[in-house]
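Here is what each chain is made of, one letter per residue.
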Amino acid sequence: MTVDNRQFNLTTDPWIKVITVNDNQEQMVSLIDLFTHAQDYRQLAGDMRSQNLAILRLLLAILTTVYSRFDATGEAYSWLKTSGTSPQDLEVDDDEFTKDDSTEDLLETWQQLNQAGHFTQSVTRYLEFFADRFDFFGERPFYQVTTADYDALVPKNKAIAAGKGKVAVKQLNRRISESNHTPAIFAPKTGAAKNDMSLDELIRWIITYQNFTGVTDKTKIVTEESFSNAAGWLYRLNPVFAQGETLFTTLMLNLVLSDSRNDYACPKPVWEYATVSDYIAERKREILPDNLPEIYTAWSRILHIEWDENQRPTIFSAGIPMFSSDNAFIEPMTTWRFDKKTNAYRPAIKKLQFLGVTMWRDFGDYVNVHRVDDSHEPELVVWLRTLQKENLLVYNHPIVLNSVALISDGKSASQTPAVEVGDDMQMQADVLFDSGQQDYWPTRIEEAIDFTQAVGDDYYHFAKDIARIRNVDGRLFAGQMSAKFYERLNTPFKMWLEGLTSQDDRDEKIMAWKAQLKMLTVAAVDEELQASSPRDMRGVSGKTGPLNIFTAKSHLMYNLRLHLDL
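Parameters and conventions
Residues numbered from 1 in each chain as written. Predicted model: local features only at pLDDT ≥ 70, side-chain atom pairs only at ≥ 80, totals over all residues. Heavy atoms only, no water. Helix = DSSP H or I, 4+ residues; strand = E, 2+ residues; numbered from the N terminus. Rg over C-alpha atoms; globule rule 2.2 N^0.38 Å. Buried < 20%, exposed > 50% of the residue type's maximum accessible area, 1.4 Å probe, protein only. Core = buried A, V, L, I, M, F, W, Y, C linked by side-chain atoms within 4.5 Å. Contact = heavy atoms within 4.5 Å. Salt bridge = Lys/Arg side-chain N within 4 Å of Asp/Glu carboxyl O. Phe/Tyr/Trp six-rings, centres within 6.5 Å; stacked < 30°, edge-to-face > 60°. Lys NZ or Arg CZ within 6 Å of the ring centre and 35° of its normal. Pairing = 2+ DSSP bridges. Axes fitted to C-alpha atoms, helices over the stretch in contact; angles between N-to-C directions. Expected span 1.5 Å × (residues − 1). Bend = angle between axes of the 7 residues up to and from the residue. Parallel < 35°, antiparallel > 145°, perpendicular 65-115°, else oblique. Left-handed = near helix turned anticlockwise from the far one by under 90°. Nonpolar A, V, L, I, M, F, W, Y, C, P; charged D, E, K, R; others polar. Patch = residues over 30% accessible without salt bridge, like charges linked within 9 Å, V, L, I, M, F, W, Y side chains within 5 Å. Areas by Shrake-Rupley, 256 points an atom, 1.4 Å probe, with all protein chains shown as cover. Lys, Arg positive; Asp, Glu negative; His and termini not counted. Charge placed at Lys NZ, Arg CZ, Asp CG, Glu CD.

(A) Broad picture of the overall build of the protein chain. Within the protein chain, the regular secondary structure consists of 18 helices and 15 strands. Its C-alpha atoms give the protein chain a radius of gyration of 26 Å, within 12% of the compact-globule value 24 Å for 566 residues. Taken along the three principal axes of its C-alpha coordinates, the protein chain extends 80 × 55 × 50 Å. Buried residues in the protein chain amount to 55% of all 566 residues.

(B) Here's a closer look at the nonpolar core. Ranked by size, the top nonpolar core spans 170 residues in total, and within it Phe136 and Ile302 carry the most contacts. Excluding its chain neighbours within four sequence positions, the residues that come into contact with Ile302 are Val145, Tyr150, Leu153, Val154, Ile221, Ile280, Phe316, Ser317, Ala318 and Ile320.

(C) Spotlight on the pattern of salt bridges. Using the criterion set out here, one finds 24 salt bridges in the structure. Put simply, Arg346 and Asp326 hold a salt bridge, and the shortest N to O gap is 2.7 Å. Linking Arg346 in strand β11 (residues 344-347) with Asp326 in the loop between β9 (313-319) and β10 (336-339), this pair joins segments that are 20 residues apart in sequence. Accessibility expressed as a relative area gives 26% for Asp326, which makes it partly exposed. Close ionic contact of Arg337 with Asp365 constitutes a salt bridge, the shortest N to O distance being 2.3 Å. With Arg337 in strand β10 and Asp365 in helix α11 (residues 363-366), the pair connects residues that are 28 residues apart, well separated along the chain. According to the relative accessible area criterion, Asp365 is buried, its value standing at 19%. Among the charged side chains, a network of salt bridges with common partners joins Lys17, Glu26, Asp47, Asp200 and Arg204.

(D) Region of the structure containing helix α4 (residues 121-129). Burial in α4 covers these residues: Ser122, Val123, Thr124, Tyr126 and Leu127. Next to the buried residues of α4 lie α1 (31-36) and α2 (49-67).

(E) Geometry of the packing of aromatic side chains. The final tally for this structure, using the stated rule, is 33 aromatic pairs. Both rings, one in Trp110 and one in Trp383, keep their centres 6.4 Å apart while their planes meet at 80°; by these two values the pair is edge-to-face. Remark: Trp383 occurs in helix α12 (residues 379-389) and Trp110 occurs in helix α3 (residues 99-116); sequence separation between them is 273 residues. By the burial criterion, Trp110 is buried, and Trp383 matches it. Measuring from centroid to centroid gives 5.5 Å for Phe134 and Phe142, while their planes differ by 20°, and the two rings are stacked. By way of ring pairs, the aromatic residues Trp360, Trp441, Tyr459, Phe462, Phe485, Tyr486, Phe493, Trp496 and Trp513 are connected into one cluster. Over the face of the ring belonging to Tyr273 we find Lys268, whose NZ or CZ atom lies 4.7 Å from the ring centre. Stacked on the ring of Phe451, the Lys or Arg Lys514 has its end atom at 5.2 Å from the ring centre.

(F) Structural context of the sheet that holds strand β12 (residues 398-408). The sheet built from 3 strands is open, its strands ordered β7-β12-β13 with antiparallel pairing. The open sheet is flanked by β7 (241-243) and β13 (417-428), the only strands paired with a single partner. Averaged over all pairs of adjacent strands, the angle between their axes in this sheet comes to 30°, without regard to strand direction. Strands β7, β12 and β13 of the sheet are contacted by α2, whose axis makes an angle of about 115° with β12.

(G) Main features of helix α15 (residues 474-498). In this model, α15 (25 residues) spans 36 Å end to end at C-alpha, consistent with the 36 Å of a helix rising 1.5 Å per residue. The largest bend in α15 is about 30°, located at Asn490, with the proline Pro492 one to four residues further on.

(H) Layout of the packing of helix α14 (residues 441-470) against α15. Put simply, α14 and α15 touch, their axes get as near as 8 Å, and they point 150° apart. Here α14 lies roughly antiparallel to α15, going by the angle between them. Where α14 crosses over α15, the handedness of that crossing is right-handed. Among the residues making up the contact of α14 with α15, the classes are represented as 19 nonpolar, 6 polar and 3 charged.

(I) Quick look at the sheet that holds strand β3 (residues 41-44). Reading across the sheet, the 3 strands line up as β2-β1-β3 and stay open at both edges, with antiparallel pairing between neighbours. The sheet is open, and its two edges are formed by β2 (26-29) and β3, each paired on a single side. On average, adjacent strands in this sheet sit at an angle of 40° to one another, irrespective of strand direction. As paired strands, strand β1 (residues 16-20) and β3 are joined by 3 bridges and run antiparallel to one another. Bridging from a neighbouring strand, Val18 pairs with Leu44 of β3. Running over the sheet, α2 touches β1 and β3 and is turned about 115° from β3.

(J) The arrangement of the pairing of strand β8 (residues 301-307) in detail. Across the 7 residues of β8, 7 count as buried, placing the element largely inside the fold. For β8 and β9, the ladder comprises 7 bridges, and the chain directions are antiparallel. Bridging across to β9, Trp307 finds its partner in Pro313. Hairpin geometry of β8 and β9 is characterised by an intervening segment of 5 residues between the two adjacent antiparallel strands and by a positive phi of about 60° at Gln311.

(K) View of a negative patch on the surface. On the surface, Asp100, Asp101, Glu104, Glu108 and Glu390 cluster together into a negatively charged patch. Structurally, Asp100 can be placed in helix α3. For Asp100, a relative accessible area of 62% puts it in the exposed group.

Function cannot be inferred from these measures alone, as they are strictly geometric.
Following this line, the structure appears as structure tokens:
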């Protein structure tokens with residue numbers, strides 16, 4: 001049934017959860033309220049960190065669209081021309097545009113916004129202009145399609161009236177992610193309550209679902225060439241973003257207005273397409289978008305919602321073609337891995353078997369340590385470096401790189417979310433973006449990580465020796481002990497990173513970490529000794545002689561001295 005009597009507009013009605021700066025209380029706000037008072041909110045406070053990231057990217061799509069067209073005074077850039085009255089009628093004036101001028105103007109806009117400490121009325125005017133596109137029950141409902149659009153795009157036997165292609169609310173909710181065939185046993189809701197959801201919650205999950213879609217659904221739109229339903233775009237990344245002290249500073253740090261690799265491209269978020277058919281026609285081409293708002297608002301499915309007499313939703317879903325992520329460097333919020341099979345860079349998706357590997361251990365994925373052309377750091381890091389180079393960030397400004405990953409079960413037929421992990425690492429801007437040629441901090445940090453992981457390997461072999469003495473599964477036991485060892489190292493190493501400055505004596509700081517690492521390792525070994533049994537002390541016959549907990553420790557301490565050069 002239709003819901004002609006219901007109204008909910010995301011621009012003016014509250015649906016986004018935030019934490020206030022003054023009293024750390026949770027509030028629900030609309031889009032216009034959020035952008036007007038972003039400086040008064042500490043952070044987003046949705047149902048999951050992954051949901052917060054999906055909504056953060058929606059907010060950035062709006063900001064990028066506005067400030068890619070209008071400066072901090074509300075005037076359109078001089079190198080744009082208009083053919084109408086709509087903001088989307090602005091296009092590049094080839095006679096006036098230069099890469100250098102546009103970059104300079106965009107950076108100046110960023111600087112003026114940052115200095116003002118709040119966003120301008122241009123954002124409100126934009127949202128008011130496109131308010132009908134943000135109406136959840138409108139003629140063109142937000143992030144949904146009408147019955148007519150849905151039926152026109154899917155096979156006839158998959159039309160709404162056929163009742164096929166449904167996605168349960170409990171599957172939409174990524175805290176549950178339950179299909180009708182596989183129950184989620186440890187879900188936060190039980191029974192029929194799994195399908196209960198308030199309207200504001202439904203909106204947040206619709207946005208999240210488009211970003212983190214699995215592949216359990218089989219309905220697809222009609223295309224000339226066959227395609228497989230793809231996972232949501234954000235689900236296919238190893239996300240990284242910058243965290244600020246307030247929501248305003250978080251949005252500003254992640255507001256990438258200038259692309260170091262490409263010329264300016266006119267923004268085109270999904271709601272600016274004239275019709276759903278136009279958007280789907282573009283998606284059928286499977287061409288990577290040339291602008292961030294279109295990337296940030298990329299759909300993985302067309303969704304249609306039917307409401308019953310009790311206002312309960314039934315959601316219909318159909319897959320649409322997805323562009324490739326190979327060499328998609330326009331995406332700023334991911335790390336990259338080179339795939340030798342395809343000879344292309346792909347997002348370094350985090351997998352279940354590597355849950356325990358923290359951000360600092362993959363430091364080189366986030367920073368181009370050796371400053372070589374064939375290494376691809378996240379475009380967000382490139383952007384932050386540009387801000388620091390242009391003196392738009394204070395030299396000792398703390399940069400907090402944050403990661404939130406929703407990790408799938410690894411099954412190609414479902415890709416159901418299995419676990420959410422979050423991590424962060426903090427450094428001063430002049431450390432992360434050290435411009436020195438000698439004693440370049442990122443190189444020295446990578447050096448510290450290398451010898452730390454060498455010690456981690458030494459401890460793993462120590463654990464395997466203990467497993468052999470106890471006659472237990474070596475890989476399983478050593479893996480568990482190694483994970484605990486790195487848990488012991490994580491906080492001290494992150495604190496060491498946070499304390500670095502550009503004025504530090506590099507060798508002195510490295511030696512300080514070596515000393516602390518040795519102390520932490522000895523403490524971990526001593527704990528094992530204190531819990532040792534007579535069997536551990538008696539030991540077994542090894543390849544080079546008796547193997548007991550004392551000889552295992554001796555081997556470890558020898559390697560520790562070797563790798564730390566102490």
